[in-house]
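What follows is each chain in one-letter form.
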Number of protein chains: 2
Amino acid sequence: MKVSAIITLKKDVLDPQGKVIHKTLDGMGFKDVNEVRQGKYFEIDVKENDPKKAQKIVEDMCNKLLANLVIENYKIIEIQ
Amino acid sequence: MKVSAIITLKKDVLDPQGKVIHKTLDGMGFKDVNEVRQGKYFEIDVKENDPKKAQKIVEDMCNKLLANLVIENYKIIEIQ
């Protein structure tokens, strides 16, 4: 199954990359932007046909490698 | 409205970063992985209360700045 996960910075953590994109968009004429936050996206194809088990495997990966839980959150957004 | 977009490499484009993560996961004991693809995630808060208009604005941003359409695809995944 393919499991999609998103990793984002926690709300109170500064996102300098998002700020730069915000400024760039502003310079390009996109004036009506309040905030831009950037994150990471992973699509992991695991050899597991049970969606719940596949989700658990990917959550385990996020906890152990993909996300830095001190400053980041992860969310499984799709399993297919 | 907050619009969430995902930018991924097109299917036939090599993803070296995803391969490295795949190998690292393998080394950590996650043996049942077929493939890992990495992408980018953006959460853009625009001053627009109409979801359709907000989506159009962010699609425009993806076309003009956020995505490299030669090698990447973008997808709006959430508007709230």
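Refer to the structure above for everything that follows.
Let me sum up the structure you'll find in this document.

### Quick word on the sheet that holds strand β3 (residues 72-79) of chain A
Here is step 1: Sheet architecture is open: six strands sit in the order β3(A)-β1(A)-β2(A)-β2(B)-β1(B)-β3(B), paired in antiparallel fashion. The open sheet terminates on both sides in strands that have one partner only, identified here as β3 of chain A together with β3 (72-79) of chain B. Across the sheet, the axes of successive neighbouring strands diverge by a mean angle of 25°, strand direction being ignored.
Here is step 2: In this sheet, β3(A) lies alongside strand β1 (residues 2-9) of chain A in antiparallel orientation, the contact comprising seven bridges. Note that in β3(A) the partner of Ile7(A) across the bridge is Tyr74(A).
Here is step 3: Relative to strand β2 (residues 33-46) of chain B, helix α1 (residues 16-27) of chain B is tilted by about 125°, and along the sheet it contacts β2 (33-46) of chain A together with β2 of chain B.

### Here we look at the side chain of Ser4(B)
Here is step 1: Structurally, the position occupied by Ser4(B) is in strand β1 (residues 2-9).
Here is step 2: The residues touching Ser4(B), leaving out its near neighbours within four places in the chain, are Tyr41(B), Phe42(B), Glu43(B), Lys75(B), Ile76(B), Ile77(B) and Glu78(B).

### Re the pairing of β1(B)
As a general feature of sheets, a regular strand has side chains that alternate between the two faces.
Here is step 1: Two elements, β1(B) and β2(B), share seven bridges in a ladder whose sense is antiparallel. Bridge assignment links Lys2(B) to a residue of β2(B), and that residue is Asp45(B).

### Brief notes about the packing of helix α2 (residues 51-66) of chain A against α1(B)
Here is step 1: At their nearest, the axes of α2(A) and α1(B) sit 11 Å apart, and the two run at 100° to each other. Considering the angle they form, α2(A) stands roughly perpendicular to α1(B). In this structure, α2(A) uses Met61(A), Leu65(A) and Leu66(A) to contact α1(B), whose residues at the interface are Ile21(B), Thr24(B) and Leu25(B).
Here is step 2: Across the contact of α2(A) with α1(B), the residue classes tally to five nonpolar, one polar and no charged.

Scoring rules and cut-offs
- Residues numbered from 1 in each chain as written.
- Chains lettered and ligands numbered in written order.
- Predicted model: local features only at pLDDT ≥ 70, side-chain atom pairs only at ≥ 80, totals over all residues.
- Heavy atoms only, no water.
- Pairing = 2+ DSSP bridges.
- Helix = DSSP H or I, 4+ residues; strand = E, 2+ residues; numbered from the N terminus.
- Axes fitted to C-alpha atoms, helices over the stretch in contact; angles between N-to-C directions.
- Contact = heavy atoms within 4.5 Å.
- Parallel < 35°, antiparallel > 145°, perpendicular 65-115°, else oblique.
- Nonpolar A, V, L, I, M, F, W, Y, C, P; charged D, E, K, R; others polar.

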